[in-house]
Amino acid sequence: MQVAADTKVWYPVNLDISGRLCLVVGGGAVATRKITSLLLSEAMVRVVSPEVCPKLRRLADEDRIEWVRRAFRDDDLDGAFLVFAATNAPHVQRRVAELARERKVLLNSAESPSLSTFLVPARIRRGDFLLAVSTGGASPALSALIKRRLALQFGPEYGLLVRLMAALRHQVVGCAEQSADNRELFHEVLALPILERIRERDWEGVRQLLHQVLPGHVDGNLLIEALDTQETAGSGEER
Ligand SMILES: C[C@@]1(CC(=O)O)c2cc3[nH]c(cc4nc(cc5[nH]c(cc(n2)[C@H]1CCC(=O)O)[C@@](C)(CC(=O)O)[C@@H]5CCC(=O)O)C(CC(=O)O)=C4CCC(=O)O)c(CCC(=O)O)c3CC(=O)O
Ligand SMILES: NC(=O)C1=CN([C@@H]2O[C@H](COP(=O)(O)OP(=O)(O)OC[C@H]3O[C@@H](n4cnc5c(N)ncnc54)[C@H](O)[C@@H]3O)[C@@H](O)[C@H]2O)C=CC1
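For every chain, the first residue of its written sequence is number 1, and the numbers climb from 1 along that sequence. The order in which chains are written sets their letters, starting at A; the order in which ligands are written sets their numbers, starting at 1. Local features in this predicted model are restricted to residues whose pLDDT is 70 or higher, and side-chain atom pairs enter the listing and the counts only when it is 80 or higher, whereas totals over whole chains, interfaces and linings include all residues.

Chemist: I tried to follow the domain arrangement of the protein on my own but got confused; where do I start?
Modeler: Interface size is commonly expressed as the accessible area that is lost once the parts come together. For the domain bounds, the source is a domain assignment made automatically or taken from a database. In terms of domains, the protein is made up of domain 1 (21-120) and domain 2 (124-239). Computed from C-alpha coordinates alone, the two centres of domain 1 and domain 2 are separated by 34 Å.

Take a look at the structure:
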């Protein structure tokens, strides 16, 4: 295990990987965790590994991932958007890192933050609401712990609040003369005790609160409709 370089300032992004080829080298527990979240983001997953764990075998049988059943080869990187090196073989880890650097492909190396060009943070998702926690590779256990604490604090109501705000934004963007008016309106809505009402699924209460601040041209019912659906707003944790 290497100590993370403390001089690096990691740059956080949200990537659209839908339909993109993500190569995972290795088929053990770590590969499986990474693959589960890659599938959630609708990536095309290719696993190269002589052996895979039962969960990956099942995903391959269901054609949800492609399993290339052999040891890693240099040309496996061809066409990959992201690469995850998650084997238990140090020489393979090093070779994948060397090739990724040469070919300028982004690499996550499971056993070495210093060889990685991206790290995976711990995540809490509530629909489009996303919290990500990272320690720059210094302590994944701490990231996981903080995530579990945040999960208690940020429930599914945050996903619903995002939906409501998106619906509001959809209605007002392009309407107000100045975007400053919109900004003020968004802040006024967010200053209302709306999360509590959402948590109680008290849509009438939400409607009354909104009524206090919404200008005439905004249809509050459309905002309530954005909340009142059977679908969950991604309340589960990712793992
Ligand atoms: C650098 C990074 C690269 C990367 O994988 O992206 C990395 C590297 C390493 N992890 C190791 C160990 C563990 N990793 C976890 C868990 C998670 N690891 C994740 C990310 C990252 N792990 C990236 C940095 C994240 C950051 O910046 O903080 C999470 C957050 C996200 C995810 O993987 O989805 C996920 C939490 C999932 C969740 O709960 O949501 C646990 C705890 C557990 O399993 O419960 C342990 C055991 C306890 C411990 O050792 O701390 C080891 C030592 C291996 C060994 O001992 O040989 C290395 C290598 C090294 O440190 O050198
Ligand atoms: N980043 C993270 O979150 C964590 C990283 N780790 C580290 O990640 C690495 C992998 O951990 P696990 O998944 O638990 O290991 P594992 O032993 O369960 O899986 C290793 C996999 O690599 C495959 N493999 C071996 N040689 C290969 C080759 N030449 N080509 C392709 N695949 C090959 C094996 O068939 C197996 O499927 C370890 O180095 C471990 O220390 C461990 C815990 C968390």
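Structure's up, so let's keep going.
Chemist: In this structure, what is going on with the pairing of strand β7 (residues 129-133)? I would like to understand it.
Modeler: Two faces make up the sheet, and in a regular strand the side chains alternate between them. For two strands to pair, DSSP has to find at least two bridges joining them. Here a helix means four or more residues in a row that DSSP labels H or I, a strand means two or more in a row labelled E, and each is numbered from the N terminus. In the sheet, strand β6 (residues 122-126) pairs with β7 via five bridges, with the strands oriented antiparallel. The residue of β7 that forms the bridge with R123 is A132. Here β6 hands over to β7 after two residues, with G127 in that stretch at a positive phi of 60°.

Chemist: Help me out: how do you make sense of the site of ligand 1 in this one?
Modeler: Using the backbone to place each C-beta atom, any residue with that atom within 6 Å of a molecule or strand is considered near it. Near ligand 1 there are 24 residues, and of these V120, G137, P140, A141 and A144 occur at the shortest range. Counting residues per element, the shell around ligand 1 draws most heavily on helix α4 (residues 140-153), at five residues. Within the shell around ligand 1, the residues separate by chemical class into 10 nonpolar, 10 polar and four charged. A domain split of the shell around ligand 1 shows at least three residues from each of domain 1 (21-120) and domain 2 (124-239). Ten residue types, Ala, Val, Leu, Ile, Met, Phe, Trp, Tyr, Cys and Pro, are classed as nonpolar, four, Asp, Glu, Lys and Arg, as charged, and the remainder, Gly among them, as polar.

Chemist: When you look at the environment of R126 in this model, what are you seeing that I'm missing?
Modeler: Mapped onto the elements of the fold, R126 is located in strand β6. Between the C-alpha atoms of R126 and L161, which are 35 residues apart in sequence, the distance is 9.7 Å.

Chemist: For this particular structure, what's the right way to read the site of ligand 2?
Modeler: Near ligand 2 there are 22 residues, and of these G26, G28, V30, A110 and E111 occur at the shortest range. Counting residues per element, the shell around ligand 2 draws most heavily on helix α1 (residues 29-40), which supplies three residues. Looking at the shell around ligand 2 residue by residue, the classes come out as 14 nonpolar, six polar and two charged.

Chemist: What am I meant to see in the nonpolar core here?
Modeler: For soluble globular proteins, nonpolar side chains are generally found buried alongside one another. Grouped together as the largest cluster of nonpolar side chains are 26 residues, with contacts concentrated most on V24, V25, V83 and F84. If you list the elements that add at least two residues to this core, you get β1 (21-25), α1, β2 (44-48), α2 (54-61), β4 (82-85) and α3 (90-103). Here, a nonpolar core denotes buried Ala, Val, Leu, Ile, Met, Phe, Trp, Tyr and Cys residues that are linked to one another through C-beta atoms within 7 Å. Using C-beta atoms placed from the backbone, we call a residue buried if 20 or more other C-beta atoms fall within 10 Å of its own, exposed if 12 or fewer do, and partly exposed for counts in between. Among the nonpolar cores identified, the runner-up in size contains 12 residues, and L164, L168, V206 and L227 belong to it.

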